Amino acid sequence: MTIALATCSRLPDGNDDVRALTAALASLGIDAEPAIWDGDVDWSRHDLVVIRSTWDYTGKRDAFVAWAESLPHVLNPAGIVRWNTDKRYLRDLSDAGLPVVPTLWDPDDIPSGWPEYVIKPAVSIGSRDTARWGPGEEDAARAHLRSLRDAGRTVMVQPYLSAVDTAGETALIFCDGEYSHAGRKAQILTPGAGVQGPVRDDATRGQVTASTATDAELDVARRALAAVPGGEDLLYARVDLIPGPDGSPLIIELELTEPNLYLHHAPGSATRFAKAIAGWC
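Keep in mind that this is a model prediction, so the values were computed, not measured.

**A closer look at the overall build of the protein**
A tally of helices and strands in the protein yields eight helices and 13 strands. If you line up the protein on its principal axes, its C-alpha atoms span 60 × 40 × 35 Å. When each of the 281 residues of the protein is scored for burial, the buried share is 54%. Long-range pairs, those at least 24 residues apart, make up 71% of the contacts in the protein with a sequence separation of at least 6. Total accessible area computed for the protein in this model is approximately 11,900 Å², and 49% of it derives from carbon and sulfur atoms. Across the protein, the mean location of the 26 positive side-chain charges is 2 Å away from that of the 40 negative side-chain charges.

**Points about the pairing of strand E9 (residues 169–175)**
Counting buried residues in E9 gives seven out of seven residues, a clear majority hidden from the surface. Across the two faces of E9 the burial is the same, with Glu169, Ala171, Ile173 and Cys175 and Thr170, Leu172 and Phe174 all buried. Two strands pair when backbone bridges link them, and E9 and strand E10 (residues 178–185) are joined in this way by seven bridges, in the antiparallel orientation. Directly across from Leu172, in E10, lies its bridge partner Ala182. Between E9 and the antiparallel strand that follows it, E10, lie two residues; Asp176 among them carries a positive phi value of about 55°. With six bridges connecting them, E9 and strand E12 (residues 236–243) associate as antiparallel partners. Note on E12: the bridge partner recorded for Ala171 is Asp240.

**Looking at the environment of Ala216**
By secondary structure assignment, the location of Ala216 is in helix H7 (residues 215–226). Expressed as a C-alpha distance, the spacing of Ala216 and Arg61, which sit 155 residues apart in the sequence, is 34 Å.

**Describing helix H1 (residues 16–27)**
With twelve residues, H1 should reach 16 Å at 1.5 Å per residue; the first-to-last C-alpha distance of 17 Å fits that figure. By the burial criterion, the buried members of H1 are Asp17, Val18, Leu21, Ala24 and Leu25. All buried residues of H1 project into a common sector of 130° when viewed along the axis, lining one side. Looking at the buried residues of H1, the elements they touch are strand E1 (2–7), strand E2 (31–36), strand E3 (48–53) and helix H8 (269–280).

**What about the pattern of salt bridges?**
Charged atoms that come close allow side chains of opposite charge to pair. Evaluation of the coordinates by the stated rule reveals 18 salt bridges. The closest approach of N and O atoms between Lys60 and Asp56, which form a salt bridge, is 3.9 Å. Look at Lys60 and you get partly exposed, because its relative accessible area is 33%. Between Arg223 and Asp219 there is a salt bridge, and its shortest N-O distance comes to 3.5 Å. Of this pair, Arg223 and Asp219 both sit in helix H7, four residues apart, which is roughly one turn of that helix. Take Arg223: its relative accessible area is 36%, and that puts it in the partly exposed class. Here Asp219 falls in the partly exposed class, since its relative accessible area comes to 40%.

**Considerations on helix H2 (residues 61–70)**
Every buried residue of H2 is listed here: Arg61, Phe64, Val65, Trp67 and Ala68. The buried residues of H2 occupy one face: seen down the axis, they fall within an arc of 155°. Across from the buried face of H2, at angles greater than 90 degrees, the exposed residues are Asp62 and Ser70. Those residues of H2 that are buried lie in contact with E1, E3, strand E4 (74–75) and helix H3 (78–84).

**Some thoughts on the sheet that holds E12**
Read across the open sheet, the five strands follow the order E11-E10-E9-E12-E13; overall the sheet is antiparallel. Of all the strands in the sheet, the pair left with one neighbour each is strand E11 (208–211) and strand E13 (249–255). Taken pair by pair, the neighbouring strands of this sheet meet at an average axis angle of 30°, ignoring direction. As defined by bridge partners, E10 adjoins E11 across four bridges and the pair is classed as antiparallel. Looking at the pairing, Lys185 lines up with Val208 of E11. Against the sheet, H8 makes contact with E9, E10 and E12, and its axis sits at roughly 135° relative to E10, the strand it touches most.

**Structural notes on the environment of Ile251**
With respect to the helices and strands, the residue Ile251 is situated in strand E13. Taking C-alpha positions, Ile251 is 32 Å from Leu25, a pair spaced 226 residues apart along the chain. Setting aside anything within four residues of it in sequence, one finds Ile251 in contact with Leu90, Leu93, Leu98, Pro99, Val100, Val101, Val220, Ala224, Asp240 and Leu241.

Cut-off values and rules
Residues numbered from 1 in each chain as written. Predicted model: local features only at pLDDT ≥ 70, side-chain atom pairs only at ≥ 80, totals over all residues. Heavy atoms only, no water. Helix = DSSP H or I, 4+ residues; strand = E, 2+ residues; numbered from the N terminus. Buried < 20%, exposed > 50% of the residue type's maximum accessible area, 1.4 Å probe, protein only. Contact = heavy atoms within 4.5 Å. Areas by Shrake-Rupley, 256 points an atom, 1.4 Å probe, with all protein chains shown as cover. Lys, Arg positive; Asp, Glu negative; His and termini not counted. Charge placed at Lys NZ, Arg CZ, Asp CG, Glu CD. Pairing = 2+ DSSP bridges. Expected span 1.5 Å × (residues − 1). Arc of directions from axis to C-beta. Salt bridge = Lys/Arg side-chain N within 4 Å of Asp/Glu carboxyl O. Axes fitted to C-alpha atoms, helices over the stretch in contact; angles between N-to-C directions.

This is the structure:
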């Protein structure tokens, strides 16, 4: 049995998660190797492809989705990849009654009622093409908004929630539908940061530390995963939450395609995921 852990050309050997999973799978007698998703790879020789650090797909999303759809056995499934790689899925979650960070979609102008706000494209990863804007930066913010719209990209504008600076984001990681562990990610966007540069490994951006999910966070995360089309076929999931103005958790991202799972922050989690992968083979 051989498993491909899909990655990108910038990380040919994968990230920390890939290395941890490779070792954990080997301990179960399963061969696994990193493989560049758009490289010269004979995918037919692998019994299963697990999407991992494919962090360069945003500029070629159509090709990425087509690649996932061409694979006979891929996790997470291609249908979920198509749905989750465009952040308009947040509208689906909001329509289903989930607490999502308020979002303006393709607005004609910057918001007047939010002291600080974030502008980003609906197809993006990490903080690529994303910026935090505030008072005195209206011209630059409008230029950012206009540049995304002129490029034909769907634009999202969200209020910058002050809890990011204090509590940070909490990432809840699930394995085969069951809660595994959590990580806390510190502030990424600084005031007046401008449009962020190329995608980088998570370790070079917001510092991540081990965390413990609250009952309220677990409730929101489980409700969100229950609303995912085809969610019963999820091998892994990461639900990113942030406290809203009243302290209750809001969904900022639902990462079902290529999330960092922060395995090195949770002893035993790599083995847990390896056993789950083995169960899908």
